[in-house]
Amino acid sequence: MTRRVVVTGVGLVTPLGTGTDVTWNNLIAGKSGIRRISHFDAEATGMACTIAGEVPDFKVEDYVNRKDARKMDTFIQYGIAAADMALKQSGLEITDANADRVGVAIGSGIGGMPAIEKTMRAYEKGGARKISPFFIPMTIINMASGWVSMLTGAKGPNVATVTACATATHAIGEAFEIVASGKADAMIAGGTEACICELAVGGFSASRALSTRNDEPERASRPWDVDRDGFIMGEGAGILMLESLESAQARGATILAELSGFGMSSDAYHITTPSPRGEGGGRCMKMALDSAGVKPEDVDYINAHGTSTPAGDICETQGIKDLFGDHAAKLMVSSTKSMTGHLLGAAGGIEAAFTVLALHHGIVPPTINLENQDPECDLDFVPNEARHADIKVAISNSFGFGGTNASVVIRKFD
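Residues numbered from 1 in each chain as written. Predicted model: local features only at pLDDT ≥ 70, side-chain atom pairs only at ≥ 80, totals over all residues. Heavy atoms only, no water.

## Comments concerning the overall build of the protein
Then, in step 1: Counting its regular elements, the protein contains 14 helices and 15 strands.
Then, in step 2: Relative to its length of 414 residues, the protein is compact, with a C-alpha radius of gyration of 20 Å against a globular reference of 22 Å.
Then, in step 3: In terms of its C-alpha atoms, the protein occupies a principal-axis envelope of roughly 65 × 55 × 40 Å.
Then, in step 4: Considering the protein as a whole, with its 414 residues, one finds that 62% of them fall into the buried category.
Then, in step 5: Counting only contacts in the protein whose residues sit at least 6 apart along the sequence, the fraction spanning at least 24 positions is 78%. (Helix = DSSP H or I, 4+ residues; strand = E, 2+ residues; numbered from the N terminus. Rg over C-alpha atoms; globule rule 2.2 N^0.38 Å. Buried < 20%, exposed > 50% of the residue type's maximum accessible area, 1.4 Å probe, protein only. Contact = heavy atoms within 4.5 Å.)

Below, the structure is given as structure tokens:
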């Protein structure tokens with residue numbers, strides 16, 4: 001059984017704001033959500049990177065009561081909020097009659113590292129009695145899916161992926177296959193991340209993965225630019241409401257786009273460096289296109305992984321050119337990480353959502369801070385200003401440490 005799968009809701013919590021509309025409006029306006037870190041005193045630690053994409057306006061009490069919120073690390077709270085937005089936009093009511101046909105697939109790349117850090121400090125000062133009985137469920141990654149299931153009443157498949165920066169795209173892809181196969185009629189799917197803490201920022205800084213353009217936070221994330229020097233960490237969540245076409249049409253839902261293909265692959269090459277010429281990512285995109293029954297020349301837009309790292313941007317460019325051939329020059333390719341930073345396990349969730357909205361509104365988000373384009377990155381990266389375009393087929397890419405790759409094909413609904 002293979003069914004068409006559509007998107008009926010989107011939820012976004014990002015460095016550009018809490019809520020889908022505010023995030024989208026700031027995105028197409030080309031605004032940056034990168035600022036000096038406020039979650040801790042980064043400058044006092046002596047870390048090389050002291051900037052990040054923090055969510056600026058989140059109020060947990062808008063989505064969950066304070067008693068329950070104390071049992072969650074922030075990544076869970078962000079996931080609940082974005083899921084609530086997506087479910088409400090979809091208009092789907094979860095009842096006793098359909099609860100076992102609605103599932104949840106929300107992943108996180110790192111999960112509750114801030115709570116781990118805080119608990120370890122409390123333990124060192126006061127011993128075991130200082131460890132909260134909620135410590136484990138505050139930190140384990142599947143609890144974002146678990147809480148969303150409990151709060152919404154969704155009793156269908158409940159899973160959580162953990163594949164570094166490909167996490168959310170793998171979650172969406174798995175949810176797509178669950179709905180397409182008939183195992184569920186609807187899935188709340190995506191990723192969430194909130195690990196702007198000393199251990200995580202310190203770890204990425206130590207590996208020299210992060211930008212050190214600390215004096216110019218808003219200009220620091222600059223994919224494809226010759227002066228890029230690393231990525232910027234971000235936090236937030238991106239969730240899609242996926243439904244079978246039959247389910248959506250039966251209740252008269254507004255369909256934002258169609259999710260029609262999913263691919264995944266492994267570089268089998270290096271723990272952090274992409275395979276030469278982006279070969280693994282290229283295979284992943286081809287698998288997604290084959291899954292969707294789409295030819296490369298039918299693709300109009302790619303929301304790239306585009307992290308603003310020297311090697312990663314070149315490899316992704318080469319992978320696109322090798323797969324698409326002459327058509328690569330006709331593609332619009334943008335990296336929205338230039339505005340949000342890199343949300344790690346949540347990146348694919350917000351970027352799939354951006355791709356859905358680009359198709360729905362006919363507007364391609366820009367790549368900001370592209371002032372001196374790298375000659376080795378020679379595609380149309382939609383520099384600095386959003387572009388109106390009637391795009392019909394798009395790809396969203398996510399590539400993670402360990403050489404894990406995920407791509408989804410999203411189409412304008414016909």
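Having put the structure on the table, let's press on.
## Brief notes about the side chain of Ser-211
Then, in step 1: If you trace the backbone, Ser-211 turns up in the loop between α9 (198-206) and β8 (236-244).
Then, in step 2: A polar contact is formed between the side chain of Ser-211 and the side chain of Asp-229, at a distance of 2.7 Å.
Then, in step 3: Not counting residues up to four positions away in its chain, the partners in contact with Ser-211 are Cys-49, Ala-220, Asp-229, Gly-230, Phe-231 and Ile-232. (Polar contact = N/O pair within 3.5 Å; in protein donor to acceptor, adjacent residues only side chain to side chain.)

## Quick look at helix α5 (residues 113-126)
Then, in step 1: Over its 14 residues, α5 extends 20 Å from the first C-alpha to the last, a length consistent with the 20 Å expected when each residue adds 1.5 Å.
Then, in step 2: For α5, the set of buried residues is Ala-115, Glu-117, Thr-119 and Gly-126.
Then, in step 3: Residues of α5 that are buried make contact with α6 (135-139) and α9.
Then, in step 4: Trailing α5 by a residue or two, Gly-127 shows a phi angle of about 80 degrees, which is positive. (Expected span 1.5 Å × (residues − 1).)

## Remarks on the pairing of strand β7 (residues 186-193)
Then, in step 1: Here β7 lies mainly inside the structure; 8 of its 8 residues are buried.
Then, in step 2: Every second residue of β7 is oriented toward a common face, with Ala-186, Ile-188, Gly-190 and Thr-192 on one face and Met-187, Ala-189, Gly-191 and Glu-193 on the other, all of them buried.
Then, in step 3: Across 6 bridges, the pairing between strand β5 (residues 102-107) and β7 is parallel. Residue pairing across strands places Val-102 opposite Ala-186, the latter belonging to β7.
Then, in step 4: Pairing between β7 and β8: 8 bridges, direction antiparallel. Bridge pairing links Gly-191 to Gly-238 in β8. (Pairing = 2+ DSSP bridges.)

## Describing the packing of aromatic side chains
Then, in step 1: Scanning all chains against the criterion turns up 5 aromatic pairs.
Then, in step 2: Seen from their ring centres, Phe-58 and Tyr-63 are 5.7 Å apart, and the 5 degrees between their planes marks the pair as stacked.
Then, in step 3: Overall, the relative accessible area of 18% leaves Phe-58 in the buried class.
Then, in step 4: What makes Tyr-63 partly exposed here is its relative accessible area of 24%.
Then, in step 5: Measuring from ring centre to ring centre gives 5.4 Å for Phe-204 and Phe-231, while their planes differ by 75 degrees; the resulting arrangement is edge-to-face. Within this pair, whereas Phe-204 is found in helix α9, its partner Phe-231 is found in the loop between α9 and β8, the two being separated by 27 residues in sequence. (Phe/Tyr/Trp six-rings, centres within 6.5 Å; stacked < 30°, edge-to-face > 60°.)

## Concerning the pattern of salt bridges
Then, in step 1: Considering all chains together, one arrives at 26 salt bridges under this definition.
Then, in step 2: The partner of Lys-286 in a salt bridge is Asp-290, and the shortest N-O contact between them spans 2.9 Å. You can see Lys-286 and its partner Asp-290 sitting in helix α11 (residues 279-292), 4 residues apart, about one turn around the helix.
Then, in step 3: For Lys-286, a relative accessible area of 43% puts it in the partly exposed group.
Then, in step 4: With a closest N to O distance of 2.9 Å, Lys-412 and Asp-390 form a salt bridge. Of this pair, Lys-412 sits in the segment after β15 (404-411) while Asp-390 sits in the loop between β13 (387-388) and β14 (393-400); the two residues are 22 residues apart in sequence, bridging distant segments of the chain. (Salt bridge = Lys/Arg side-chain N within 4 Å of Asp/Glu carboxyl O.)

Coordinates in, geometry out; function isn't part of it.
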